[in-house]
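Now for the letters of each chain:
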Amino acid sequence: MTFLSATLNRVKPSPTIAVTTKAAELKAAGRDIIALGAGEPDFDTPEHIQKAGQQAISEGKTRYTAVDGVPELKEAICAKFQRDNDLSYETAQVTVGTGGKQVLYNAFMATLNAGDEVIIPAPYWVSYPDMVLLAGGTPVIVEATLENSFKITAEQLRNAITPQTKWFLFNSPSNPTGAGYSWDELKALTDILVENPHVWIITDDMYEHLAFGNFKFCTPAQVEPRLYERSLTVNGVSKAYAMTGWRIGYAAGPEELIKAMRKVQSQSTSNPSSIGQYAALEALNGPQDFLADNAKLFQRRRDLVVDALNGCPGISCPRPEGAFYVYPSIAGCIGKTSASGVKIETDEDFATALLEETGVAVVFGAAFGVSPNFRVSYATSDAQLTEACARIKVFCEGLS
Ligand SMILES: Cc1ncc(COP(=O)(O)O)c(C=O)c1O
């Protein structure tokens, strides 16, 4: 339709939201559905944070605030970066937006011109390439392999850099694979960036606190201080503090860049919710001990799901370091026919037939740039996970 913008033709709607919507529709129609599509914790925002939000309302903190966050929240963010990441920032280097999503989008809108390239490792979070396209840039996809635990190598990064490269977009632990880069693995990548001073780095640290076992989270500007002046470190309260609906994300980086991002926000949404900001303030300044308990809970669920999926014929599932996703390969299922006669030629066929025949909703791998795979979000109860994996097993055993 010519009325719509040409830019919009370059992007697609979020497939993860599409799967969640389809699963909800089937559920409403009375089907027994287990949804493993949504990327959010299955528990409520901790009570002390809820109370801070309620208090903000009753104290009348319900008006416009400074465009990119109240000063006390920016101070709490500076303290968080110092405490958790050994990074020193001043409040002028911090911006707060409506979720990590808006912060990333602001960064691309503020910096990309036609022809500018953004290197994005695949499998990637579905929104990255489309955000780059909406902002007028060109995504350059670098595919990580299952054999390399879904992490790209320094060689791959080096080969992807051109004179047009503006950003390298890094996400660890990753959505959709859960893969987490160790200090040494990340250092190998930052060494390449040190050699290429025209390339800046955006790191999406949204799953920082969901790191399991011996894996220790680290972030690029911490691993390589020489990148401090060209790093944008993005984080948020959505996943770690079970606050997806409050819509608060933030970033720290060079002051000029932060100012430009603020300009974008000032002409689009203005401030993120004042109530959300005060709740986020409590999240960052309040007790942090439950984060480790949550990580242990998710680690146990990861093991449950990985073990069960590896028991399904045709599926091979690596054991990732963090987040709440796994990204099994279904190479062994491709070309087969399901019990009800559906030919499985792609991972989308697999996910569609799985939903129709067993009621288990997962997101197909093509949405994340690497196939044939699917993503499981294991942010749901053990009972649901056990039942879902049992149904997936029956489905796979029925393929012929
Ligand atoms: C890797 C990654 N970055 C950013 C976001 C967005 O977070 P927020 O809800 O704070 O916008 C998500 C949410 O799914 C994510 O998985």
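Conventions adopted
- All residue numbers refer to position in the chain's written sequence, counted from 1.
- Only residues with pLDDT of at least 70 are given local features in this predicted model, and only at 80 or more are side-chain atom pairs given and counted; all residues enter the totals for whole chains, interfaces and linings.
- Using the backbone to place each C-beta atom, any residue with that atom within 6 Å of a molecule or strand is considered near it.
- The numbering of helices and of strands both runs from the N terminus, where a helix is a DSSP run of H or I of at least 4 residues and a strand a run of E of at least 2.
- The nonpolar class holds Ala, Val, Leu, Ile, Met, Phe, Trp, Tyr, Cys and Pro. Asp, Glu, Lys and Arg form the charged class, and all remaining residues, Gly among them, are polar.
- Angles run from 0 to 180 degrees between N-to-C directions of axes, and those axes are lines fitted to C-alpha atoms, restricted for helices to the stretch in contact.
- Any angle between 65 and 115 degrees counts as roughly perpendicular, while under 35 counts as roughly parallel, over 145 as roughly antiparallel, and the rest as oblique.
- What makes a crossing left-handed is the near helix being turned counterclockwise from the far one by less than a right angle; a clockwise turn instead makes it right-handed.
- The contact rule is simple: place each C-beta atom from the backbone, and if two of them lie within 7 Å, those residues are in contact.
- Any residue whose C-beta has 12 or fewer other C-beta atoms within 10 Å is treated as exposed, any with 20 or more as buried, and any in between as partly exposed, C-beta atoms being built from the backbone.
- Strands are labelled as partners when DSSP assigns at least two bridges between them.
- UniProt positions are given in the numbering used here, feature names are shortened, and annotations may be inferred rather than shown by experiment.

## Thoughts on the site of the ligand
Then step 1. Around the ligand, the surrounding shell holds 13 residues, and the nearest of these are G99, G100, K101, N175 and S238.
Then step 2. In terms of residue count, the dominant contributor to the shell around the ligand is helix α5 (residues 99–111) (three residues).
Then step 3. Across the shell around the ligand, the residue classes tally to two nonpolar, nine polar and two charged.

## A look at the packing of helix α12 (residues 289–310) against helix α14 (residues 382–397)
Then step 1. Direction vectors running N to C along α12 and α14 enclose 10 degrees, while the axes themselves pass 10 Å from each other. On the basis of their axis angle, the class for α12 and α14 is roughly parallel. Of the two elements, α12 crosses α14, and the hand of that crossing is right-handed. Here R301, L304, V305, A308 and L309 of α12 lie close against α14, whose contacting residues are D382, L385, T386, C389 and I392.
Then step 2. Partitioned by chemical class, the residues of the contact of α12 with α14 number seven nonpolar, one polar and two charged.

## Quick word on unusual backbone geometry
Then step 1. Of note, the amide linkage connecting S172 to P173 takes the cis form, showing an omega dihedral of -10 degrees.
Then step 2. Mapped onto the secondary structure, P173 falls in the loop between β5 (165–171) and α8 (183–194).
Then step 3. Following S371, the chain continues to P372 via a peptide bond in cis, the omega torsion being -5 degrees.
Then step 4. Residue position: P372 is located in the loop between β11 (363–364) and β12 (374–377).
Then step 5. Here the phi dihedral of S149 falls at roughly 55 degrees; this positive angle occurs in a residue that is not glycine.
Then step 6. Among the secondary structure elements, S149 is positioned in the loop between β4 (138–143) and α7 (154–160).
Then step 7. Judged by local crowding, S149 falls into the partly exposed class, with 17 C-beta atoms found within 10 Å.

## Some words on the sheet that holds β11
Then step 1. Overall, antiparallel pairing links the three strands, which are arranged β9-β12-β11 in an open sheet. On the outer flanks of this sheet lie β9 (325–326) and β11, each paired with one strand and no other.
Then step 2. In the sheet, β11 pairs with β12 via two bridges, with the strands oriented antiparallel. Residue pairing in the sheet places F364 in a bridge with F374 of β12.

## So, the UniProt feature "domain: Aminotransferase class I/classII large" (unreviewed entry) in the protein
Then step 1. According to UniProt, the "domain: Aminotransferase class I/classII large" (unreviewed entry) feature falls on residues 32–392.
Then step 2. End-to-end, the C-alpha atoms of residues 32–392 are 14 Å apart, and along that stretch the chain is 39% helix and 14% strand.

## Here we look at the packing of helix α3 (residues 47–58) against helix α11 (residues 274–285)
To characterise two packed helices, one gives the angle between the axes of the helices and the distance between these axes.
Then step 1. Packing of α3 against α11 brings their axes to within 8 Å, and their N-to-C directions diverge by 140 degrees. By the criterion of interaxial angle, the relationship of α3 to α11 is oblique. Between α3 and α11 lies a crossing of right-handed hand. Between α3 and α11, the contacting residues are H48, I49, A52, G53, A56 and I57 on the first element and S274, I275, Y278, A279, L281, E282 and A283 on the second.
Then step 2. Looking at the contact of α3 with α11 residue by residue, the classes come out as nine nonpolar, three polar and one charged.

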